[in-house]
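# Remarks on the overall topology
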Amino acid sequence: KQLLEENDASTMNQGAAPAPAESSAPGTFRMADELSFAWRLFEAGELTQEEYSGVAQDLSEMSTEEHLSTISVLHALSARAFSGMERLMGYVARGAKTPIVSLESFDIPAEAHSLLPLEVAIRRGAIVYGLLAEDALVVVMNPYDSALREQVSTLLGKTCHFFISAPVGFDDAIARIRETPPA
């Protein structure tokens, strides 16, 4: 099954900038999903017009880089040393009904993180960081992306419990996963 499918037009917030055409190949970054997330934050007053514009520009620039990296609104804000990150994370956690977890506090077992290909985890911002009986514990960097949640659940064939994490914690977890031998 393909991990990525095109979102229908109804999932986009009105007024968000149009995104360039995007591939539906697994592991492909989807600019529209991240712009929708940034727009939601702008509409809620969590980002100023200037911050929104800067994040949109950063996402565009990050998406053209050749190396494999996670491209997300939260990563763009972190790179800009956004002073309201803790407040914004709390807002997102409440709004998306997605608790915050500190990935730095977890030893991520190979049998968990290997459920998603590393490239997909990095490009789409989703890490399986634990298993609870038959369920998967998954951090997503864009908790408003319901299509990603559905795709991860379908790909894993498990009930998934979703969380968000600070970008630095996510990147640290990816670095640790790269150093871990496969399951």
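Residues numbered from 1 in each chain as written. Predicted model: local features only at pLDDT ≥ 70, side-chain atom pairs only at ≥ 80, totals over all residues. Heavy atoms only, no water.

## Digging into the pairing of strand 1 (residues 126–132)
As a reminder of what qualifies: Think of it in three bands: with a 1.4 Å probe and only protein chains considered, a residue is buried below 20% of the maximum accessible area for its type, exposed above 50%, and partly exposed in between. Secondary structure elements follow DSSP: runs of H or I of four or more residues count as helices, runs of E of two or more count as strands, with numbering from the N terminus. The pairing criterion for strands is at least two bridges between them, as found by DSSP.
Among the 7 residues in strand 1, 5 count as buried, and that is most of the element. Summarising the sheet, strand 1 and strand 2 (residues 135–140) pair through 6 bridges and their orientation is antiparallel. Bridge assignment links V128 to a residue of strand 2, and that residue is V138. Counted along the chain from strand 1 to the antiparallel partner strand 2, the turn is 2 residues long, and its residue A133 has a positive phi close to 60°.

## Brief notes about the pattern of salt bridges
So the rule is basically this: By convention in these notes, a salt bridge is any Lys or Arg side-chain nitrogen within 4 Å of a carboxyl oxygen on Asp or Glu.
Counting across every chain of the model gives 7 salt bridges. Residue R176 is joined to D172 by a salt bridge in which the shortest nitrogen-to-oxygen separation is 3.1 Å. Of the two residues, R176 and D172 both sit in helix 8 (residues 167–179), 4 residues apart, roughly one turn of that helix. By relative accessible area, which is 24% here, R176 ends up partly exposed. A cluster of three or more residues bridged by salt bridges with shared partners is formed by D33, R124 and D145.

## Side note on unusual backbone geometry
Its identity as a non-glycine residue notwithstanding, A81 has a phi of 55°, on the positive side. One can find A81 in the loop between helix 3 (73–79) and helix 4 (85–95).

## Some words on the nonpolar core
What counts, and what does not: Take the buried Ala, Val, Leu, Ile, Met, Phe, Trp, Tyr and Cys residues and link them wherever side-chain atoms come within 4.5 Å; each set so joined is a nonpolar core. Throughout, a residue-residue contact means that at least one pair of heavy atoms, one from each residue, lies within 4.5 Å.
In this structure, L88, L103, I127 and Y129 are the most contacted members of the largest nonpolar core, which totals 41 residues. Elements with a minimum of two residues in this core: helix 1 (31–43), helix 2 (49–63), helix 3, helix 4, helix 6 (118–124), strand 1, strand 2 and helix 8. Counting residues per element, this core draws most heavily on helix 1, at 6 residues. Once residues lying within four places of it in the same chain are set aside, the contact partners of L103 are I108, I127, Y129, V139, S165, G169, F170, A173 and R176. If you look at the next biggest cluster of nonpolar residues, it comprises 12 residues, including V128, A136, V140 and F162.

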